[in-house]
Amino acid sequence: MLDVYLVDDDPDVLASLKWMLEGLGIRTRGFVSAADFLQSVDLAKPAVAVLDVQMPDMDGMSLLDALLASPTPIVPLMLTGHGNIAMAVKAIQRGAMDFLEKPVDGDKLQQLLKKASALALERADTQTQAAVRASRLASLSPREVDVMHRVLEGKLNKTIAAELFISQRTVEIHRKNLLEKMAVNNVAELAFVLSGMPK
Amino acid sequence: MPAQQGASLANVSASGPVRIGILSFADEEATLDAWRETALHLEQQLRRPVTVLALTPATLDAAVAAGTLDFFISNQFVAVGYKKDWGASQLLTLIPADGREPDKAVGSALVVRAGTRVNSWKALSSQRIVSSDPRAFGGFLIFAGEMAKRGLDPQADLPGLSFVGFPQTSLLSKLWRNEADVAILPACVMEQAAARGDFPPGTFDVVLAKDSAGFGCAVSSELYPYTALSKLGQTSGKLATQVAKALLGVEAGSRAALDGGYQGWSVPVNDNRVFALKHLLREWPFQTNWQRVANAAMPWLAAIGLGLLLGYLHHLRIKRLVVKRTEALVTEIDQHRATQKAFNEQQRQFYRAQRVLLTGEMASGISHELKQPLAGIRYLTQGCLYRLSEDESEIKTALGGVLSQVDRAQHTIDRLRSFCQQPSCYELVRVDKLILDTLSLIAPELKRLKLTPALELTKVKARLDPALMTQVLVNVLLNALDAMAEVAAPELKIVLDTETETKSATETDSGAGHCQYRIRIIDNGCGLTPAQLSRLFFPFESTKSDGLGLGMVICKRIVEEHGGSISASNRATADACGDIHGLEISICLPGSPTHA
């Protein structure tokens, strides 16, 4: 189970929630304000955040927006004293995984945290893969990129050579380097890797 | 004035003719013929011209008033009448031709056809009575005096009385033709007519006759003196003496006496009885005096009458105006009452709504305050449960009990909260009108601060719950007014505009969806500290000693229920004008506002 960040302006409630989750063997970190949370937490690290909606200055919804403003593997769960449907819908639309009413049952929360944990790891993985892919792509020379685009379009080496005004042999060398740099064995794998990323 | 006038007239009369007026009811020519010889006699005696004028009672009045007469010959009644106003005095009395005593020569006779019986004066009322003229002395006036002595009124008590004019013999003809029952005639007229043979002897009779020894004719009344010569006040005594002397010299049987129908002239007789008669008759409406008074008074009476009429018309007009004004006032009062009632009703509704909202908000606030510790208890209990080993089942059961008790409390709080929540009812309203209505609701407060809000209202129509939005506005406005309680020159500005630009920087609330129109309420009060500002929309956070700290919470809840957002910011202190305090509350609302 990943770390769980708890944000609640009431220190007593925060401490008791912490106490309960620690009873379940879950590591938690408590924060009494949104600002505190944003300052102290590494947003790139996969984790689960349980956010109280009613807070002074920056409330839970604003914090949710701030948190998800840039890609992060942290999965937010919203917790509120008196919620309503409109608020719940809004929260989920904005990227919260769930919307819970206080006080939440420990068992139920544990289930959700497990799920959120898995989701966070998945997100972290996806984000890591994307980063690797991006760095590999960045390592390609401009000529290799030209060749890659034409290879992915299914063109023959002969055609590519003609289009780029280079010899067929040179195309073959570029193709080999390209596959090595992208850490794939063949063009089919290359297509698969690239299909997982946004254009 | 009369003395002066008298002197001048005396001068005139010393050279001019002696003017003598003769009162006559009969034909003017006949009168002048009768007196011509007497005038000639006077001219010879006085060696001055003498003018004789035949005058009717009216023309005699006029001539006396104009002072164009020196002497006049008339019956005693008229002569006495001029005594008071014109200083007339009787010089001589005429002696009747038939030798009657001059002091008892005139009377009134009630002549009837022979055989007609009239037993009492009262019985006359049922008769057809004729007389010549109401001013004739020998006929009517003496008769009227007799009536008055008996307490009768000839006008009122004699419905059959009519005046037929002269000559007097025509009255006898009427009796003869049975056109009348009784004729009022001077004494001796009937006897003279009979003597002339106009009617057969024994045709007529005199009723209610009086015993009159030594009087040749039948008479029904007292006897009065005969015709008199009077001088007027302005006539000189010398001329009067000369005229009296000349007339006393008229011989019986002379031409003058024969033509005039008299025997001669005597010294004046006692006219006391004429005075008494005059006194008796002064009351009658056909008296000259009364008529004169009436004539003189007529214009005044008319003027007074007209005045009264105008006054009455004015009174009516005023009355009408009063009625109209009263009606207008009544309508006005009714309208005012209706307005007042509507206003009271509005205010009552407002306070009721506020009470309900407050109750809801209190329940909500309390439930929040209770939920926090309950959540703490639940978390702690469950944390304990997780830490217990399997063999401590008794404690586990007890802690399970704690959990279910907490859940029960939780459930109760939720029920209370949902019970107190107010369902909204949305309708399409003019937001600018709503703001104006709200201002009228807090008008007394504005008046107290002598504050006129500056309004910049765009016409906006939107769907909202007017009752709830009024609550928001009143709360915000009253807060603004409270903040300005100490300010010398309070200023309140309300702006309603449609939002076209992106979200304003003041908004910290992420709850705002798409802001379509915005209400801004700006005051120049004391503003808020940053700490107060950050907790403005939290329950039980009032800065006021008597506040519950729910007003702004309610506002936030309502605005958010409308899908909008409410935010507060202190006004920038570095303004062009220098130090500016105050708070700006901005309410952003979504929906599709339509420009009205």
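Computed from a predicted structure; not experimentally measured. (Residues numbered from 1 in each chain as written. Chains lettered and ligands numbered in written order. Predicted model: local features only at pLDDT ≥ 70, side-chain atom pairs only at ≥ 80, totals over all residues.)

**Quick notes on the overall build of chain A**
Of regular secondary structure, chain A possesses nine helices and five strands. Listing the helices and strands of chain A from first to last along the sequence gives β-α-β-α-β-α-β-α-β-α-α-α-α-α. Expressed as a percentage of its 199 residues, the buried residues of chain A come to 30%. Long-range contacts, defined here as pairs at least 24 residues apart, represent 60% of the contacts in chain A between residues at least 6 apart. (Helix = DSSP H or I, 4+ residues; strand = E, 2+ residues; numbered from the N terminus. Buried ≥ 20, exposed ≤ 12 C-beta atoms within 10 Å, placed from the backbone. Contact = placed C-beta atoms within 7 Å.)

**Considering the overall build of chain B**
When you go through chain B residue by residue, the secondary structure sums to 18 helices and 21 strands. Evaluated residue by residue, chain B yields a buried proportion of 34% over its 596 residues. In chain B, the share of contacts with a sequence separation of at least 24, taken over all contacts with a separation of at least 6, comes to 79%.

**Let's talk about the interface of chain A and chain B**
Contacts between the two partners involve 20 residues from chain A, matched on the other side by 20 residues from chain B. Taken together, the elements giving at least two residues each to the side of chain A that touches chain B come down to helix H1 (11-23) and helix H3 (60-67) of chain A. With eight residues, H1(A) is the largest single contributor of residues to the side of chain A that touches chain B. Partitioned by chemical class, the residues of the side of chain A that touches chain B number eight nonpolar, six polar and six charged. (Nonpolar A, V, L, I, M, F, W, Y, C, P; charged D, E, K, R; others polar.)

**A word on unusual backbone geometry**
For the bond from A:Lys102 to A:Pro103, the omega torsion is -10°, close enough to zero to count as cis. Within the element layout of this structure, A:Pro103 appears in the loop between strand S5 (98-101) and helix H5 (106-139). In this model, B:Asn178 sits at a positive phi of 60°, which is unusual for a non-glycine residue. Considering the arrangement of structural elements, one finds B:Asn178 in the loop between helix H7 (169-176) and strand S8 (182-186).

**Looking at the UniProt feature "modified residue: 4-aspartylphosphate" (unreviewed entry) in chain A**
Residues and elements named next belong to chain A. With numbering aligned to this structure, UniProt lists the feature "modified residue: 4-aspartylphosphate" (unreviewed entry) at Asp-52. Mapping Asp-52 onto the fold places it in strand S3 (residues 48-52). What makes Asp-52 buried here is the crowd of 25 C-beta atoms within 10 Å. Beyond its immediate sequence surroundings of up to four residues, Asp-52 is in contact with Val-7, Asp-8, Asp-9, Gly-60 and Leu-79. (UniProt positions renumbered as here; feature names shortened; annotations may be inferred.)

**Side note on helix H6 (residues 142-152) of chain A**
Residue and element names in this part refer to chain A. Within the sequence span of H6, burial applies to Glu-144, Val-147, Met-148 and Val-151. For H6, the arc enclosing every buried residue in end-on projection is 105°, short of the 170-degree limit, so these residues lie on one face. Those residues of H6 that are exposed and angled more than 90 degrees off the buried face are Pro-142 and His-149. Contacts from the buried residues of H6 go to helix H7 (157-164), helix H8 (168-181) and helix H9 (187-195). Positioned one or two residues after H6, Gly-154 has a phi angle of 85°, which is positive. (Arc of directions from axis to C-beta.)

**Looking at the pairing of strand S4 (residues 75-80) of chain A**
Residues and elements named next belong to chain A. Burial runs high along S4: six of the six residues are buried. Side chains of S4 alternate between two faces, with Val-75, Leu-77 and Leu-79 and Pro-76, Met-78 and Thr-80 buried alike. In this fold, the crossover linking S3 to S4 by way of H3 has right-handed handedness. For S4 and S5, the ladder comprises four bridges, and the chain directions are parallel. By the bridge assignment for S5, Thr-80 is matched with Glu-101. In this fold, the crossover linking S4 to S5 by way of helix H4 (residues 85-93) has right-handed handedness. (Right-handed = clockwise from strand over helix to strand, strands pointing away. Pairing = 2+ DSSP bridges.)

**Side note on the nonpolar core**
One finds B:Ile22, B:Val111 and B:Ala183 to be the most contacted residues of the largest nonpolar core, which totals 81 residues. Ranked by residues supplied to this core, first place goes to helix H5 (residues 137-149) of chain B with seven residues. Lining this core are residues from two domains, each supplying at least three of them: domain 1 (2-102 + 226-286) and domain 2 (106-207) of chain B. With near-sequence residues (within four places) excluded, B:Ala183 lies in contact with B:Val111, B:Val130, B:Leu171, B:Leu172, B:Lys174 and B:Leu175. Formed by 42 residues, the second largest nonpolar core is a distinct cluster that contains A:Leu21, A:Ala34, A:Ala47 and A:Leu67. (Core = buried A, V, L, I, M, F, W, Y, C linked by C-beta atoms within 7 Å. Domains from an automatic or database assignment.)

**A closer look at the packing of helix H2 (residues 28-46) of chain B against helix H9 (residues 237-248) of chain B**
All names here are of chain B. One can describe the packing of H2 onto H9 by two numbers: an axis separation of 9 Å at closest approach and a directional angle of 120°. Taken together, the axes of H2 and H9 are oblique relative to one another. Two packed elements cross with a definite hand, and for H2 against H9 that hand is right-handed. Packed against H2, whose contacting residues are His-41, Leu-42, Gln-45 and Leu-46, the element H9 presents Gln-242, Val-243 and Ala-246 at the interface. (Axes fitted to C-alpha atoms, helices over the stretch in contact; angles between N-to-C directions. Parallel < 35°, antiparallel > 145°, perpendicular 65-115°, else oblique. Left-handed = near helix turned anticlockwise from the far one by under 90°.)

**Re the packing of H7(A) against H8(A)**
All names here are of chain A. Taken N-terminus to C-terminus, the directions of H7 and H8 make an angle of 105°; their axes are 8 Å apart at the nearest point. Looking at the two axes, H7 sits roughly perpendicular to H8. The segment H7 lies against H8, with Asn-157, Lys-158, Ile-160 and Ala-161 engaging Gln-168, Val-171 and Glu-172. In the contact of H7 with H8, the residues fall into three nonpolar, two polar and two charged.

**Observations regarding helix H16 (residues 466-483) of chain B**
The terminal C-alpha atoms of H16(B), which comprises 18 residues, lie 25 Å apart, in line with the 26 Å expected from a rise of 1.5 Å per residue. Across the 18 residues of H16(B), 13 count as buried, placing the element largely inside the fold. (Expected span 1.5 Å × (residues − 1).)

**Some points on the environment of B:Val164**
Residue and element names in this part refer to chain B. On the secondary structure map, Val-164 appears in the loop between strand S7 (161-163) and H7. Residue classification places Val-164 among the partly exposed positions, given that 16 C-beta atoms sit within 10 Å. As a C-alpha pair, Val-164 and Val-130 span 34 residues in sequence and 6.7 Å in three-dimensional space.

**Quick notes on the sheet that holds strand S15 (residues 492-498) of chain B**
Residue and element names in this part refer to chain B. The sheet built from five strands is open, its strands ordered S13-S15-S16-S20-S17 with mixed pairing. Of all the strands in the sheet, just strand S13 (454-457) and strand S17 (565-570) have a single pairing partner and so form its edges. Going across the sheet, the axis of each strand differs from the next one's by a mean of 10°, ignoring polarity. For strand S16 (residues 517-523) and strand S20 (residues 583-589), the ladder comprises six bridges, and the chain directions are antiparallel. Bridge pairing links Arg-518 to Cys-588 in S20. Sitting on the sheet, helix H14 (residues 431-441) is in contact with S13, S15 and S16, with an inclination near 165° to S15.

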